[in-house]
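Now for the letters of each chain:
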Amino acid sequence: LKGFCSKHSSRLCFISGVGSGSVGLCAVVETLVGLLESRGGEMSGSDIQALYNLHPLAKEAVKAAGGLKRFCALHAARVRFISQAVGPSPGRIQLVRAGE
């Protein structure tokens, strides 16, 4: 699986740490990273529609992961989801900076 993902690295990436590993859509993660960079490194989870508008497979990828929080957990080297302790807010998505 890892080798297959390497051969198709422009579209797929291997995600270790999820059972024996899984396949992710790298382009969706990179699009999210770019969106976060354009917003100073973070955004509200309620703004996720902006990602869906930028990448045609984003909504499907987030849903397949089990939601936004789990999608971020699968790509923890690049992004993180921070739950809000109080209120109805869906939380925040943050860019993981090198060295964090």
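Above this text is the structure in question.
Along each chain, residue indices are assigned from 1 in the same order as the chain's sequence is written. Reporting in this predicted model follows two pLDDT cut-offs: at least 70 for local features of residues, and 80 or more for side-chain atom pairs to be given and counted; totals over whole chains, interfaces and linings ignore these cut-offs and use all residues. Excluded from the side-chain calculation are hydrogens and water; included are all heavy atoms of the structure.

K.L.:
Please give an account of helix 2 (residues 26–38) that cites residues and values.
P.N.:
Helical periodicity: at 3.6 residues per turn, an α-helix aligns residues three or four positions apart in one direction. Compared with an ideal rise of 1.5 Å per residue, which puts 13 residues at 18 Å, helix 2 spans 18 Å between its outermost C-alpha atoms and is within 8% of the ideal. Partly exposed describes any residue whose relative accessible area lies between the buried limit of under 20% and the exposed limit of over 50%, with all areas from a 1.4 Å probe on protein chains only and scaled to the type maximum. Per the convention used, a helix needs a DSSP run of H or I reaching at least four residues, while a strand needs a run of E reaching at least two, with both numbered from the N terminus. When helix 2 is considered as a whole, its buried residues turn out to be Cys26, Val28, Val29, Leu32, Val33, Leu35 and Leu36. Positive phi shows up at Gly40, right after helix 2, with a value of about 80°. Multiplying 1.5 Å by the residue count of a helix minus one yields the expected span of that helix.

K.L.:
Summarise the pattern of salt bridges; cite the residues concerned and give the values.
P.N.:
The term salt bridge refers to a side-chain nitrogen of Lys or Arg lying within 4 Å of a carboxyl oxygen of Asp or Glu. This structure, assessed with the given rule, holds 3 salt bridges. Glu30 is the partner of Arg78 in a salt bridge, and the nearest nitrogen-oxygen pair spans 2.3 Å. Highlighted residues: Arg78 in the loop between helix 5 (68–74) and strand 4 (79–82) and Glu30 in helix 2, separated in sequence by 48 residues. Residue Asp47 pairs with Arg39 through a salt bridge whose shortest N-O separation is 3.4 Å. According to the relative accessible area criterion, Arg39 is partly exposed, its value standing at 37%.

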